[in-house]
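# Reading the structure
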Amino acid sequence: MSRPPQEEIAKLIALYTAGDFQQLLEEARRCQRDYSVSPILHNLTGAAYAGVKDYKTAIEHYRKAIKTDPSYMQAYNNIATAYYAITDHANAIKHFRRAIELNPDFADAYSNMSLVHLASENLIEAKTCIDKALSLDSTKASYFNNLAVIFQREENWTYAAQNFQKALEIDPSSAETHSNYGNALAQLGQTKDAMASYQKAIQINPHLHSTHYNMGNLFTTLGDEVQAQNAFCHAIDYRQEDGLKAEARTAAATHASDAPPSLAIYFRSLARARKFE
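Please read all numbers here as calculations on a predicted model, not as lab measurements. (Residues numbered from 1 in each chain as written. Predicted model: local features only at pLDDT ≥ 70, side-chain atom pairs only at ≥ 80, totals over all residues. Heavy atoms only, no water.)

Here the focus is the nonpolar core. Tyr-62, Phe-96, Ile-130, Phe-164 and Met-215 are the most contacted members of the largest nonpolar core, which has 70 residues in total. Excluding residues that lie within four positions of it along the chain, Tyr-62 makes contacts with Asn-43, Gly-46, Ala-47, Ala-50, Ala-75, Asn-78, Ile-79 and Ala-82. (Core = buried A, V, L, I, M, F, W, Y, C linked by side-chain atoms within 4.5 Å. Buried < 20%, exposed > 50% of the residue type's maximum accessible area, 1.4 Å probe, protein only. Contact = heavy atoms within 4.5 Å.)

Right under this line is the structure:
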């Protein structure tokens, strides 16, 4: 069989770019039946499986891409990202480093590796990696966002706010970045700007439960219990996972009259919403 023609590969890439991973998976499987398997086809098939969160199968395809072409740096970056997704940090770091060996200017690999170090609480290495990524490419919002998250973890709220702001200047469409920016501003006592940032996040994604929760905390700080309770209720409405139910029951049982005001309002909201009876 012949290799897949370029128009087939272009179609798969377009599906990946559009985030249509289920359709990408179907088309990638068809191409594997119709054509001889190439490294890029294995890589795209792996991306399809990763897109539907089947990371172990994704890793199998990335391995096949690397076996077929040991110099395929993007496949190393992708397999490392899949290992990170299943919290295999050692293999993630190993494969990100291999991608960088193949291309020392691979900014995405440095940025992605910073996330692995951050997850491992290795903030020094995380910052070294993201600084390198930014030295190679200062046009990506995600890089500034990653740096801001590192400063946030260090509770350096001034630098966190500055870098969240830079990320938003590049890409103002990220609800999570607006929300995180609001958190940093709230920590700096800039409550009006923090509230505006939370509201912008909710305009973009009304279902972002963490933003509603953080707004509830801010309203509590401002002494507006009614608005706080409404915000907490929205947080409950948009987060229905069983884990939160268990968390809520446990916290409600362990916190008594000495609970912080926002927590007390939160659990009154739980009872009002009748979500966890």
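What follows deals with the pattern of salt bridges. Counting across every chain of the model gives eight salt bridges. Where Glu-121 meets Arg-153, a salt bridge forms, and the shortest distance between an N and an O atom there is 2.8 Å. Taken together, the positions of Glu-121 in the loop between helix 7 (107–119) and helix 8 (123–136) and Arg-153 in helix 9 (residues 141–153) put the pair 32 residues apart, joining distant regions of the chain. For Asp-131, the salt bridge is made with Lys-127, and the minimal N-O distance between the two is 3.0 Å. Of this pair, Asp-131 and Lys-127 are both found in helix 8, four residues apart, which corresponds to roughly one turn of the helix. The class for Asp-131 is partly exposed, based on a relative accessible area of 33%. (Salt bridge = Lys/Arg side-chain N within 4 Å of Asp/Glu carboxyl O. Helix = DSSP H or I, 4+ residues; strand = E, 2+ residues; numbered from the N terminus.)

Before going further, it helps to examine the layout of surface pockets. Quantified by volume, the largest pocket comes out at close to 600 Å³. Along its surface, the largest pocket is lined by 23 residues, and Tyr-16, Ala-47, Tyr-62, Gln-74 and Asn-78 are the ones closest to its centre. Elements with a minimum of two residues in the lining of the largest pocket: helix 1 (6–18), helix 3 (39–51), helix 4 (55–68), helix 5 (73–85) and helix 7. It is helix 5 that contributes the most residues to the lining of the largest pocket, seven residues altogether. Grouping the amino acids of the lining of the largest pocket by side-chain chemistry returns 13 nonpolar, eight polar and two charged. (1 Å grid on protein atoms, 1.4 Å probe; cavity = no way out; pocket = protein on both sides within 12 Å on 5 of 7 lines; lining within 4 Å. Points joined across faces, edges and corners; volume = space filled by probe spheres on them. Nonpolar A, V, L, I, M, F, W, Y, C, P; charged D, E, K, R; others polar.)

Look at helix 11 (residues 175–187): 19 Å from first C-alpha to last across 13 residues, which is about the 18 Å you get at 1.5 Å a residue. Across the 13 residues of helix 11, ten count as buried, placing the element largely inside the fold. Within helix 11, burial applies to Ala-175, Thr-177, His-178, Ser-179, Asn-180, Tyr-181, Gly-182, Asn-183, Ala-184 and Leu-185. Remark: Gly-189 follows helix 11 within two positions and exhibits a positive phi of approximately 80 degrees. (Expected span 1.5 Å × (residues − 1).)

The next thing to look at is the side chain of Ser-197. Examined against the element boundaries, Ser-197 turns out to sit in helix 12 (residues 191–204). Looking at Ser-197, the relative accessible area reads 6%, which means it is buried. Apart from residues lying up to four places away in sequence, Ser-197 is in contact with His-178, Tyr-181 and Gly-182.

This next bit is on the packing of aromatic side chains. Within this structure, the stated rule accounts for three aromatic pairs. Seen from their ring centres, Phe-151 and Tyr-159 are 5.3 Å apart, and the 35 degrees between their planes marks the pair as tilted. Overall, Phe-151 belongs to the buried group, its relative accessible area being 9%. On the accessibility criterion, Tyr-159 (42% relative accessible area) is partly exposed. Taking 5.3 Å as the distance between ring centres and 55 degrees as the angle between the ring planes, the aromatic pair formed by Tyr-213 and Phe-232 counts as tilted. Here Tyr-213, found in helix 13 (residues 209–221), pairs with Phe-232, found in helix 14 (residues 225–237); they are 19 residues apart in sequence, far enough to count as distant. (Phe/Tyr/Trp six-rings, centres within 6.5 Å; stacked < 30°, edge-to-face > 60°.)

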